[in-house]
Structures are given as structure tokens and as C-alpha cells.
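Summary of the model geometry
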Amino acid sequence: MAKQKGIIKLTGKIGDLSFYKSKDGYLAREKGGVDGERIKNDPAFARTRENGSEFGLAANAGKTLRDAFRPMMMRAADNRVTSRLTKVMSSIRKLDTTSGRGNRSVGVAIQNQGAKDMLKGFNFNVRSKLNTILYRPLSLDPATGEIEIVDLVPTNHIVAPANSTHVSFTAAWANVDFENGTYELALSAPSNLPLDSTQSTVAVAPASAPTATGTAVYILLLEFFQEINGTQYSLNNGGYNAMNIVDVV
């Protein structure tokens, strides 16, 4: 694809050229490739169809995870989280060592510890990664979903954006069935602290564990606020917030 330059930007089609606007600016590309019907039916494209099928399964797995944590993602996600998560899921499905080519899925692969490890640590907002703004170790109790940060001093252990006055922590636990595309989410109440030098221990846990079957995914959401006249406002529409997969069990 090519970038459009000049004062006038085009959208639409002219002959075999397509002009469109993307997140990377105004682009243009030429129509090409193999006919779709041939890809669907020609035996020579069997591998292509299998790869396409598995990519679709990986994309669906990513969507299931995003849907599970949608209430939190609305407050902490970058504009490329879908493609980044699909890439991770595509790598995970390769660890499915039992399904035939074209049918390897995240739902089968995620039973392997190696697959769980690949998903662990995923940041939903690359502009604000948890390990670059929180400099205290955290612990997780997988039986309750409680995430604890001991002896936290906000001014020493948190890299806060300018003008922020408060930070909050929310724990989430979802049991995600990647095979069937279902999930159940449990959230904690947020723990809100002023960004000062007071030392405290943060402990956040869902009120109850999700009862649905599936892979347990634990997440920590860290949000920044600015207090004005007694009301706290989210900074930059959540652009500074961090959301990280703490563990997968």
C-alpha cells in the first residue's frame, strides 16, 4: 500500500486503485490477488484455506477474551489491541498438538501451560504498560482472585501522569471458555488512593468467584484521576490507564 500525499485526500475507487483512510493516514492500494472462488475450491489452495480457518479461530478466541473484559477495556485499551491480541492467539493455537491442520484452536491449546504463559502479562494498553508504571511486586490468590500490593507508597512506586491526583486498582477474574466462546466475569470494587507518600497495602478481590467453567484469567486495572472540587475525572479518557493479565490458570 502507498501513502497519499498532497492537499487533496481521496477515498473510494478509481479503476483498480482503492483510496481509503486508516489509522496510519490516507492510503492507496491496487486491486490484486487470486480470485476468491478459486481459493475456496481449488485443491491447490488447501493450505491457504486451512491457514485461513485457523486464523479465524484465533481471531474468535481474541474476541471472546475482549468481550469477557469489555467493561474494563472501555477504560484502558489502545486502538491496536484487537490485532495484537489476535497475534498472540495465533501463536497460542500452534500449541494445539491434537487437532488436525485447519482445526487447531486456542480452546485446545490453552490447556497447555506454555499457552497460558504466552497470554500471561498481556497489556491491553501499550501506551501504559503495568510494569512501566507500577514498581511494587503484586501477589495473586487464584482461589479468591485477590490481588495484593504490600507497602505501596504511591509517590515512590507509581509513575503517575502529570496533573493526576488519585489512582485506583480493580481486580477482575473471568472464566473463559475459548472453545465455545462463553465467559463469566467477576469484578472487585475499586480501591482508590491519593497519589501521596502514605504507605498502605492494596488488596482487591471480586465479591465472589465466577461459577462458569473455563480458563481462569486474572486481570489488574490501574486508573488515574484528577480531583477537581471534590470530583474525580479520568485523565485523557483513560489513555494513561493500565490493564494487564496477571495470570492464567
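The structure contained in this document is the topic of the report that follows. (Residues numbered from 1 in each chain as written. Predicted model: local features only at pLDDT ≥ 70, side-chain atom pairs only at ≥ 80, totals over all residues. Heavy atoms only, no water.)

Moving on, we get to the pairing of strand E7 (residues 166–177). Extensive coverage of E7 is indicated by the burial of 12 of its 12 residues. Going residue by residue along E7, you find His166, Ser168, Thr170, Ala172, Ala174 and Val176 tucked away on one face and Val167, Phe169, Ala171, Trp173, Asn175 and Asp177 tucked away on the opposite face as well. Note that E7 and strand E11 (residues 215–228) share 11 bridges and pair antiparallel. Within E11, the position partnered with Phe169 by the bridge is Leu222. Two strands pair when backbone bridges link them, and E7 and strand E8 (residues 182–187) are joined in this way by 6 bridges, in the antiparallel orientation. Note that in E8 the partner of Val176 across the bridge is Tyr183. Count of turn residues in the E7/E8 antiparallel hairpin: 4 residues, of which Gly181 carries a positive phi of about 75 degrees. (Buried < 20%, exposed > 50% of the residue type's maximum accessible area, 1.4 Å probe, protein only. Helix = DSSP H or I, 4+ residues; strand = E, 2+ residues; numbered from the N terminus. Pairing = 2+ DSSP bridges.)

This part is about the nonpolar core. Core analysis: the largest hydrophobic core is formed by 30 residues, its most contacted members being Leu65, Phe69, Met89, Leu119, Phe178, Met243 and Ile245. Secondary structure elements with two or more residues in this core: helix H2 (46–68), helix H3 (70–73), helix H4 (81–93), helix H5 (106–109), helix H6 (113–119), E7, E11 and strand E13 (242–248). Per element, the largest residue contribution to this core is 5 residues, and it comes from H4. Two domains share this core, each providing at least three of its residues, namely domain 2 (38–121) and domain 3 (123–248). Aside from chain neighbours lying at most four places away, what touches Leu65 is Leu85, Met89, Leu119, Val176, Phe178, Val217 and Ile245. Grouped together as the second largest cluster of nonpolar side chains are 20 residues, Leu134, Phe169, Leu193 and Phe224 included. (Core = buried A, V, L, I, M, F, W, Y, C linked by side-chain atoms within 4.5 Å. Domains from an automatic or database assignment. Contact = heavy atoms within 4.5 Å.)

Limitation: the analysis is restricted to geometry and does not speak to function.
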